[in-house]
Amino acid sequence: MPIPGLTRLDHIGLTVPDLAQAREFFVDVLGCEYMYALGPYQDDGHWMSEHMGVDDRAVMRRLHFFRFGGQALFEVFEYEAPDQRTQPPRNSDVGGHHIALYVEDLDAAVDDLRRRGLRVLGEPTTSKGASEGQRWVYFLSPWGMQFELVSYPSGKAFDRNPQAFA
C-alpha cells in the first residue's frame, strides 16, 4: 500500500555552491520561472540535525524556488556547513542522481547546450527494449550536477505493448 493520499511529485530540492550561477542556469538554460527566495536560516540548538539531517552548525544561506513547465518546482539551496562535501555524487555512488527533462528535438537541444559551453557526456544514445523509440543524453550543470535530456516523440515500445515487457 502506498502512503495514504500520495498523489504527485511536489518539488525537487538540491544544493548548489553558487545560487546566482544556479539561478542563471535554471532561468536562462532550462527556462524555469524564478518564484521567490527564503533565508538565511540557522539555529543555535539541534533543529538543523533533527529536521534537516545536517550538522547543527550548518547555515542555509538562501534558497530559491523555481517553477518548471508550469508545475514541477525546484527548491535550490546554498548552504555553509563545517562538514560539507563539495564533490557532486556520480550516478554510481549511493545517493547518486540525475534529473531527466523531456525535449521535442534532442539534436537541437544538444546543439544549444554545446553552444552555451555546457558539457555534454557523449553523443545521444538510442534506447532498446522497453524504451525503444527514445533517445537520450546526459549533460552537466555549471556546478557538475547531472541532467539528462530525453525524447520519444512517437512513444516508447513499452507504451505500445506493455504486456511484452511484463
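The notes below deal with the structure included here. (Residues numbered from 1 in each chain as written. Predicted model: local features only at pLDDT ≥ 70, side-chain atom pairs only at ≥ 80, totals over all residues. Heavy atoms only, no water.)

1. A short note on the sheet that holds strand E1 (residues 11-15)
One open sheet accounts for four strands, arranged E1-E4-E3-E2; its pairing is mixed. Taken across any chain shown, the strands that pair with only one partner, and hence form the sheet edges, are E1 and strand E2 (33-38). Direction aside, neighbouring strands of the sheet carry axes that sit 20° apart on average. Relative to strand E3 (residues 59-68), E2 runs antiparallel, the two sharing five bridges. Its bridge partner being in E3, Leu38 is matched across the sheet by Leu63. Running over the sheet, helix H1 (residues 19-29) touches E1, E2, E3 and strand E4 (72-80) and is turned about 5° from E3. (Pairing = 2+ DSSP bridges. Helix = DSSP H or I, 4+ residues; strand = E, 2+ residues; numbered from the N terminus. Axes fitted to C-alpha atoms, helices over the stretch in contact; angles between N-to-C directions. Contact = heavy atoms within 4.5 Å.)

2. Considerations on H1
Note that an α-helix has 3.6 residues per turn; residues three or four places apart therefore point the same way. Residues of H1 that are buried: Leu19, Ala22, Phe25 and Phe26. Down the axis of H1, the buried side of the element spans an arc of 120°, and every buried residue falls inside it. Along H1, exposed side chains directed more than 90 degrees from the buried face belong to Ala20 and Glu24. On its buried face, H1 is in contact with E1, E3, E4, strand E7 (135-140) and strand E8 (146-151). Looking at where H1 begins, the residue whose side-chain oxygen comes 3.0 Å from the main-chain nitrogen of Ala20 is Asp18. (Buried < 20%, exposed > 50% of the residue type's maximum accessible area, 1.4 Å probe, protein only. Arc of directions from axis to C-beta. Polar contact = N/O pair within 3.5 Å; in protein donor to acceptor, adjacent residues only side chain to side chain.)

3. What to know about the side chain of Ser141
Relative to the helices and strands, Ser141 is located in the loop between E7 and E8. The class of Ser141 is buried, set by a relative accessible area of 4%. In this view, Ser141 contacts Phe25, Leu118 and Phe147; residues no more than four positions away in its chain are not counted.

4. Observations regarding the pattern of salt bridges
Across all of its chains, the model carries nine salt bridges by this definition. With its nearest N and O atoms 2.4 Å apart, the salt bridge here joins Arg115 to Asp112. Of this pair, Arg115 and Asp112 are both found in helix H3 (residues 106-115), three residues apart, which corresponds to roughly one turn of the helix. By relative accessible area, which is 60% here, Arg115 ends up exposed. The salt bridge involving Asp112 is made with Arg116; its shortest N-O contact spans 2.6 Å. For Asp112, a relative accessible area of 21% gives the class partly exposed. Here the residues in one salt-bridge network are Asp112, Arg115 and Arg116, joined through shared partners. (Salt bridge = Lys/Arg side-chain N within 4 Å of Asp/Glu carboxyl O.)

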